[in-house]
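Breakdown of the fold
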Amino acid sequence: SHLKKYFDIKGGIFGKSVGEVKAVDDLSFSVNEGEILGIVGESGCGKSTAGKSILRLIEPTDGSVKFEGTDLTDLTSEEMRQLRKNMQIIFQDPYASLNPRHKVERIISEPLLIHGMKSSKERKERVKELLEIVGLEAYHASRYPHQFSGGQRQRIGIARALANNPKLIICDEPVSALDVSVQSQILNLMEELREKFKLTYVFIAHDLSVVKHISDRVGVMYLGRMVELTDKHTLFNDPKHPYTRALMSAVPIADPDIERERIILEGDVPSPSNPPTGCAFHTRCPYAMDICKEVRPEFENVDDKHLVACHLYN
Ligand code: SF4
Ligand code: MG
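Residues numbered from 1 in each chain as written. Chains lettered and ligands numbered in written order. Predicted model: local features only at pLDDT ≥ 70, side-chain atom pairs only at ≥ 80, totals over all residues. Heavy atoms only, no water.

1. Topic: the packing of helix H4 (residues 104-114) against helix H5 (residues 120-133)
Between H4 and H5, whose axes approach to 9 Å, the crossing angle comes to 110°. One way to sum up the angle between H4 and H5 is to call them roughly perpendicular. Crossing angle aside, the handedness with which H4 passes H5 is right-handed. Listed contacts from H5 to Val-104, Glu-105, Ile-108, Ser-109, Leu-112 and Leu-113 of H4 are Arg-123, Lys-124, Arg-126, Val-127, Leu-130 and Leu-131. Split into classes, the residues belonging to the contact of H4 with H5 amount to 7 nonpolar, 1 polar and 4 charged. (Axes fitted to C-alpha atoms, helices over the stretch in contact; angles between N-to-C directions. Helix = DSSP H or I, 4+ residues; strand = E, 2+ residues; numbered from the N terminus. Parallel < 35°, antiparallel > 145°, perpendicular 65-115°, else oblique. Left-handed = near helix turned anticlockwise from the far one by under 90°. Contact = heavy atoms within 4.5 Å. Nonpolar A, V, L, I, M, F, W, Y, C, P; charged D, E, K, R; others polar.)

What follows is the structure, encoded as structure tokens:
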């Protein structure tokens, strides 16, 4: 709720603060238990920073994050460490997130050890079980990350995330670095695991087709903020926010008979160190009105399950 993460920009020889980057700027949404909430946006829109801030892997500047009623931003780091068992993250680049000097055995054991599984025999058993769950054979435990393909490495990343039976997994572009043929295998695995272990995912991606495949609801981010959020079907068939409509109009449709609105966006995404006033999208929006430059639109319901931040609707 109203989550913010601002980074100081240090400059000059004294490293003094010369400004700030508003990577996440007033982000609000909720995730229902058992659902897959997709979050899309162009690179630099603050999706990854949001994911890390939610888990307090980086400290949010302002706002709150509630998990089953507990405000995470009120917890001490020790309390947070305990609770983090329930909340895991899977990263985009499985290679960078796996220590190349450690065998898979140790990589997957680590979270078990941290959360109190003292017996090494128990840990070994659990690692075997986890490898099986993600579709890898037990002998892989004694191999190193470089001995695996990209898809296999992401399976290892998933096994590690599952080690302590989490409830929520933040998936930060988990298939973006993979070949298209491997992407769907990993997405299917993730869907199976969601069913099997009653998981909840926040699934961050820049690729609309990936989000369309896996999500129940989808949120669209622009410059650190969510601008639209609704169920997948509605978002893809009846997008409201001009930015969402521009994203959708860039997706090719297979059927040449279908006519569709085309919104071509002019210019680049403005810098988050100097975001536009009012609606952050007004510099590129073909529908911008005077009010858009002055007043930031609230993120409000246009109907009971569709939120939009745009003066055209509110
Ligand atoms: Fe465009 Fe104004 Fe809506 Fe922003 S608030 S998206 S500038 S119409
Ligand atoms: Mg990212």
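2. A look at helix H10 (residues 242-249)
Within H10, 8 of the 8 residues are buried, leaving the element largely enclosed by the surrounding structure. Restricting attention to buried positions, one finds in H10 the residues Pro-242, Tyr-243, Thr-244, Arg-245, Ala-246, Leu-247, Met-248 and Ser-249. On its buried face, H10 is in contact with helix H8 (208-214), strand E9 (217-222), strand E10 (225-231) and helix H9 (232-237). (Buried < 20%, exposed > 50% of the residue type's maximum accessible area, 1.4 Å probe, protein only.)

3. Overview of H4
Those residues of H4 not exposed but buried are Val-104, Ile-107, Ile-108, Ser-109, Pro-111 and Leu-112. Buried residues along H4 sit against H5 and helix H6 (150-162). Following H4 by one or two positions, Gly-116 has its phi on the positive side, about 95°.

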